[in-house]
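Overview (structure and organization)
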Amino acid sequence: MSTFYFAAPDALLGWLKKLAADYRVLAPRREGRSVMFRPRTADELTDMDELLRRATASPKGAVIPHSETLVRFSSTKDAENPARLDTTLDAPCGDVPTVLFGCRPCDARGFVVLDRPYLEGRFKDPYYAARREALVIIAQACPTAFSTCFCHWVGGSPAGREGSDILFTAVDGGFVLESVTEKGAKLLEAAGFASGEDRRNEAEAAHRKAEASLGAPSTLENIPARVAARFRDEAFWIKETEKCLSCGACTYLCPTCQCFTITDEGSQLDGRRIRSWDTCMSPLFTLETSGHNPRTEKFKRMRNRISHKFSYYPQSYDGEYSCVGCGRCVVSCPISLDIRQVVKHAVEGAPEAVAEAAPVPAPKPAPARVKASSAASEPASPAGEPKAAPGAEAAPKASAKSEARPRTGGKSKSGKKSR
Ligand code: SF4
Ligand code: SF4
């Protein structure tokens, strides 16, 4: 059961400073025109206005660093038998306890989206798991929506709790803090704040105000099947992708994009294996060692990105989208490509008969992957198109059940969130 507390701004800052003694605190920091989540020391946690700003980039770096060493290797040659190598491996897996402060509810949901491919299924990622375990998420309920926000299209809301450990809401003279998980409850219990039970109504009123500031809800139905139905419509994807520069900004800023690449560096005997962020919008992402590349044209890359978020992922994970509607890709795209419009065009132009005949991806066993799911989940290629890279994992076939379940932006017609 949730517990509510009230904290004046000074009390909240004082608490954060104390947390900084035991945790790495990631919080918004102004950097020129951008606002980034950065590790903040107690001495830097002084400007409440800065800490409440919406970040330009997502906080996914808290669990998926831009670049990380997966394993260090060191080998020595056997003097008697030079063909023999003795190799030692050191896999530095683990993380320091971390508090993520001030992300928005859409960002907190983004971690739930990432959890499924990283923590479910045959292969759990130990690096991700360790960071996730060490993370406490203190999210801020959005005071108002931006024109680019569409969390309500995809099952979220400006005060959604999913993914957060603590949710705080600005009210007159301070903040109401609500415990969402046990982790959050423990942290709040130890904080010594006054009860906020008598301020709950104010927080709820603020939530309703923020909800009302969102644009009209989506009326799109059957999105995963209809987006899949567009797969072979190359003219459609070419038109939608016309102005795209393949810069990848949309994917690097996104809280749910998860493409990575693996590189080895060092000498023949010593070195390390590194995992780094990558983008499926780059033509190099799918370039295979043989020189073959299944996605040389940018329309194929855009098709993959949109389909992954609105078709493959929902087919794999109970109808949830791999988009939380934060709008960062809309705000920061240099050609102002609006993902809402692409999905809308895809869905509206795919009549039911076409949607029902959608080329659904065939299930395959999931071997070890080198690149993350965006590359790995394109459906079985139509005739004449190259097949997915060896080792790629196909998204499971949409079941009759999931096709039959209409989806309106992640919610059922009754308005309840679908899971
Ligand atoms: S940010 Fe815009 S231009 Fe850049 S890859 Fe994404 S859609 Fe294309
Ligand atoms: S696709 Fe765009 S709107 Fe959706 S979560 Fe990613 S950055 Fe946000």
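Okay, so let's go over this structure. Note that the structure is predicted; figures quoted are calculated from it, not measured. Every chain's residues receive numbers from 1 upward, in the order its sequence appears when written. Chain letters start at A and ligand numbers start at 1, both assigned in the order the entries are written. For this predicted model, a pLDDT threshold of at least 70 governs which residues receive local features, and a threshold of 80 or more governs which side-chain atom pairs are given and counted, while totals over whole chains, interfaces and linings are taken from all residues.

Section: the overall build of the protein chain
Threshold: Segments assigned H or I by DSSP are reported as helices when at least four residues long, segments assigned E as strands when at least two residues long, and all are numbered from the N terminus. Buried means a residue has 20 or more other C-beta atoms within 10 Å of its own C-beta, exposed means 12 or fewer, and partly exposed covers the counts in between; C-beta atoms are placed from the backbone. Placing a C-beta atom from the backbone of each residue, one calls two residues in contact when those atoms lie within 7 Å.
On a plain count of helices and strands, the protein chain comes out with 15 helices and 12 strands. With 419 residues in all, the protein chain has 44% of them scored as buried. Long-range pairs, those at least 24 residues apart, make up 71% of the contacts in the protein chain with a sequence separation of at least 6.

Details of the packing of helix 8 (residues 234-241) against helix 10 (residues 298-316)
Which entries qualify depends on this criterion: Orientation is described by axes fitted as lines to C-alpha atoms, over the contacting stretch for helices, and by angles from 0 to 180 degrees between their N-to-C directions. Under this scheme an angle from 65 to 115 degrees is roughly perpendicular, one under 35 degrees roughly parallel, and one over 145 degrees roughly antiparallel; angles in between are oblique. Throughout, the ten residues Ala, Val, Leu, Ile, Met, Phe, Trp, Tyr, Cys and Pro are labelled nonpolar, Asp, Glu, Lys and Arg are labelled charged, and all others, Gly among them, are labelled polar.
Between helix 8 and helix 10, whose axes approach to 9 Å, the crossing angle comes to 95°. In terms of orientation, helix 8 lies roughly perpendicular with respect to helix 10. On the side of helix 8, the interface is formed by E234, W237, I238, E240 and T241, while helix 10 contributes K298, F299, M302 and R303. Within the contact of helix 8 with helix 10, the residues separate by chemical class into 4 nonpolar, 1 polar and 4 charged.

Side note on the pairing of strand 8 (residues 166-171)
Definition in use: When DSSP finds two or more bridges between a pair of strands, those strands are recorded as paired.
Note that strand 7 (residues 135-140) and strand 8 share 3 bridges and pair parallel. Residue pairing for strand 8: Q140 is matched across the bridge by F168. Linking strand 8 to strand 9 (residues 174-179), which pair antiparallel, is a turn of 2 residues; within it G173 sits at a positive phi near 85°.

Thoughts on the site of ligand 1
For clarity, the threshold we go by: Here, nearness is defined through the C-beta atom: a residue counts as near a molecule or strand if that backbone-placed atom lies within 6 Å of it.
Inspection of the region around ligand 1 gives C244, L245, S246, C247, G248, A249, C250, M281, C333, P334, I335 and L337 as its neighbouring residues. Looking at the shell around ligand 1 residue by residue, the classes come out as 10 nonpolar, 2 polar and no charged.

Quick look at the site of ligand 2
Taken together, 13 residues lie near ligand 2, and C254, C323, C326, R328 and C329 sit nearest. Split into classes, the residues belonging to the shell around ligand 2 amount to 8 nonpolar, 3 polar and 2 charged.

What to know about the sheet that holds strand 10 (residues 194-195)
One open sheet accounts for 8 strands, arranged 3-2-6-7-8-9-1-10; its pairing is mixed. Of all the strands in the sheet, just strand 3 (34-40) and strand 10 have a single pairing partner and so form its edges. Where strand 1 (residues 4-7) lies against strand 10, 2 bridges are found, and the strand directions are antiparallel. Within strand 10, the residue paired with F6 across the bridge is A194. Each of strand 1, strand 8 and strand 9 is contacted by helix 6 (residues 200-212), which is oriented at about 90° to strand 8, the strand it contacts most.

Quick look at helix 6
This is how it is decided: One less than the residue count of a helix, multiplied by 1.5 Å, gives the span that helix is expected to have. As used here, the arc belongs to the directions running from the helix axis to the C-beta atoms.
A rise of 1.5 Å per residue sets the reference length of helix 6, with its 13 residues, at 18 Å; its end C-alpha atoms lie 18 Å apart and thus fit the reference within 8%. Restricting attention to buried positions, one finds in helix 6 the residues A203, A206, H207 and A210. Looking down the long axis of helix 6, one finds its buried residues gathered within 100° of arc, a one-sided arrangement. Exposed side chains of helix 6 directed beyond 90 degrees from the buried face belong to N201, A205, R208 and A212.

So, unusual backbone geometry
A positive phi angle, close to 60°, is found at S246, a residue other than glycine. Mapped onto the elements of the fold, S246 is located in the loop between helix 8 and helix 9 (249-253). S246 sits in the partly exposed class, given 13 other C-beta atoms within 10 Å. Despite not being glycine, D318 shows a phi value in the positive range, around 55°. As for its placement among the helices and strands, D318 is situated in the loop between helix 10 and helix 11 (328-332). Look at D318 and you get exposed, because 12 C-beta atoms sit within 10 Å.

What to know about the pairing of strand 6 (residues 98-103)
Both faces of the sheet carry side chains from a regular strand, because those side chains alternate between them. Within strand 6, 5 of the 6 residues are buried, which leaves the element mostly enclosed by the surrounding structure. Relative to strand 7, strand 6 runs parallel, the two sharing 5 bridges. When the sheet's bridge partners are listed, V99 is paired in strand 7 with V136.

Considering the environment of R273
By the element assignment, R273 lies in strand 12 (residues 270-277). For the pair R273 and V71, spaced 202 residues apart in sequence, the C-alpha to C-alpha distance is 5.4 Å. In this view, R273 contacts L70, V71, I262 and D264; residues no more than four positions away in its chain are not counted.

Focus: the sheet that holds strand 11 (residues 260-266)
The strands that make up a sheet pair up through hydrogen bonds in the backbone, lying either parallel or antiparallel. The antiparallel open sheet is built from 4 strands, whose spatial order is 5-4-12-11. Sheet topology places strand 5 (85-90) and strand 11 at the edges, where each strand pairs with a single neighbour. Each strand of the sheet is rotated relative to its neighbour by a mean of 20°, with strand direction disregarded. Note: strand 4 (residues 67-77) against strand 5, 6 bridges, orientation antiparallel. Within strand 5, the position partnered with K77 by the bridge is L85.

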